[in-house]
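Residues per chain are reported as follows:
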Amino acid sequence: MQGAIARVFVVVAAAILNHPLLFPQENTTLPEQDEALLARMREHEKRLELEQARLEQELLYAGTEQQDPGSEDGYGWYFWSALSLAIFFTIEVCRQDLADMEARYADDEDGFVESGSISSKTLQLDKGVLNSFCERCIYTSAHENWRVREFVEGFADDLLESLRSVCDRETDMEVADFVGVGSMFESWRVSKPLMCDLIVPFTPPEPYSFQFQLWCSPSSDVPLDMQGCGRIKVTKVGENEDGCLCGSANLGEDMLCLLHSKNEKPRADHTPDDLLCSKNTPYLAKDQVMKWFQISVTKAWGRISHKYEFELTFHNLDATGALKVRFRSGKVVVMNIIPVVELDGTNAYFVSHFASDSSTSSDTYWPLSFAVYEKNLLKHVTKSLPENSCHLHCLQLITFLHKKQMGLTGRCALTNYHLKTTLLHLLLSKGSSSWGSESLEHRLRDMLGFLHRSLQEKRLCHALVGNSQVPPEVRVPATFHTAEPINLFRPLVLQRELYADTLRHFQEMLRNAPVLIQEYTPLLQNGDTHHRLNSMAQSE
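Right, let's walk through the structure included here. Computed from a prediction, not measured in an experiment: that's the story for all the values here.

1. What to know about the pairing of strand β4 (residues 208-214)
A regular strand places its side chains so that they alternate between the two faces of the sheet. Covered by surrounding structure in β4 are Tyr-208, Phe-210, Phe-212 and Leu-214 only, the residues Ser-209, Gln-211 and Gln-213 on the alternate face being uncovered. When β4 meets strand β5 (residues 229-236), the two strands line up antiparallel, connected through 7 bridges. Residue pairing for β5: Leu-214 is matched across the bridge by Gly-230.

2. Notes on helix α9 (residues 416-429)
If you check α9, its first and last C-alpha atoms are 20 Å apart, about what 14 residues at 1.5 Å a residue would give, namely 20 Å. Of all 14 residues making up α9, 11 are buried, and the element is well covered by its neighbours.

3. A look at the packing of helix α8 (residues 391-409) against helix α10 (residues 440-457)
Two elements in contact, α8 and α10, have axes separated by 9 Å at closest approach and are oriented at 55 degrees. Of the possible angle classes, the one that applies to α8 and α10 is oblique. Note on packing geometry: the crossing formed by α8 with α10 is right-handed. Across the interface between the two elements, His-393, Cys-394, Leu-395, Leu-397 and Ile-398 of α8 pack against Leu-440, Arg-443, Leu-444, Met-447 and Leu-448 of α10. Among the residues forming the contact of α8 with α10, the class breakdown is 8 nonpolar, 1 polar and 1 charged.

4. Side note on helix α6 (residues 286-304)
Its 19 residues give α6 an end-to-end C-alpha distance of 27 Å, which sits within 8% of 27 Å, the value for a rise of 1.5 Å per residue. Buried within α6 we find Lys-286, Val-289, Met-290, Trp-292, Phe-293, Ser-296, Val-297, Ala-300, Trp-301 and Ile-304. When α6 is viewed along its axis, its buried side chains cluster within an angular range of 165 degrees and face the same direction. With respect to the buried face of α6, the exposed residues turned more than 90 degrees away are Asp-287, Lys-291, Lys-299 and Gly-302.

Criteria and thresholds
Residues numbered from 1 in each chain as written. Predicted model: local features only at pLDDT ≥ 70, side-chain atom pairs only at ≥ 80, totals over all residues. Heavy atoms only, no water. Buried < 20%, exposed > 50% of the residue type's maximum accessible area, 1.4 Å probe, protein only. Helix = DSSP H or I, 4+ residues; strand = E, 2+ residues; numbered from the N terminus. Pairing = 2+ DSSP bridges. Expected span 1.5 Å × (residues − 1). Axes fitted to C-alpha atoms, helices over the stretch in contact; angles between N-to-C directions. Parallel < 35°, antiparallel > 145°, perpendicular 65-115°, else oblique. Left-handed = near helix turned anticlockwise from the far one by under 90°. Contact = heavy atoms within 4.5 Å. Nonpolar A, V, L, I, M, F, W, Y, C, P; charged D, E, K, R; others polar. Arc of directions from axis to C-beta.

Printed below as a string of structure tokens:
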């Protein structure tokens, strides 16, 4: 009995000492991508597991024949067997953490510290180069951005007015005025082509209305992976009451309805397709809404196209309302006109899709956008910041680096919205005096450090939902102010490969940052500065 137990522990010890993830820094001279070596290590691990299982069976057989399970020795067998299984279970559970440690060790070699902050070794930035980049590459685009925004607002008004004229007021959704959100309306857009995000609220025809089921409601049945989403139920006003039959039954010419006058024609019931609902459900479907909106926009443009001397096409067929305007001069402006549903008189909107989101989710679960509150928060905070503060320059620099890095290594889970959320968190946590123009380099490092720390922890909380630091002047509804925080990095927890790609993208972005900023910064002593500015704008 004792010999069998000893053999089990020898196998356990061998498995622990030879586990390939326990010593990530051993044999650092070997090639990291040696597939043959990794295959041999996995094969060796499987042999150890098979040997351990065989010995456990042998020990179990010996225990049942020689020991009474109710005796003290029998209980000892159960103890040692359970301990052995617990050790192997612990090893398996620690695989994820050990894999993450490898990435953190690589961070340390590149100059990161354990707290996630960015050291000067990792990111070497020249203050003069940064200031020159902002003055030459950001300030020069402010006037152009203003002119583009003015054009987009005028054209969108005309397009939506035409859209209302092609819709049937009795059966189609009713479209309200647009609301400008995003980087162009928050004054931090720098990349080309210039892009404007417009959200357009719509409501159902009478006598229907929308009812909302939020993820944070006490009786919510929204799945955990749909945090920040909700469902929109299309209901008929008074449908739970005893309705009138005069519109649905032939009662004859001599019958008089006491609810409706003789000249009042009752409204016909709409089918679920008319109300843009998902099949066999009363819930509003994103695909149906996007299809309806795309057809309506196409008809609306057909009515007013003769008034304009530019070409209008759909920029992305998978994103309804993503329009590209191409002028005769070759200049391009992109508009994202997004149909949304307003949440009960608030400034929060259920959106059919995000312009930067290529992922697909359930057709009846609508993500909730707080873009208007985020714009209001930026305005409120800016009032207390020093003149010529650097907060927007920090965001513009990081979005610039992020876009250039995507051109080199492809897309990843990191988006401009994550970068903006990082800035909002720092604006709420740091004093106003910390954002002077002379602090650009330090605040840039702070933003990158905060983002790196969030990637390490796989947790980036929504800037407004469940955040007690949001000032009351922003007027975030109490339902969301007191709700549990939403982790925007939740997909990174569930998808290891996506997390590895995103972390690699961020590290490469930091390594390339000094070179990219230097390359795209026009030098004052260069005689063809204006030529470089124009060529840079065209390349973006």
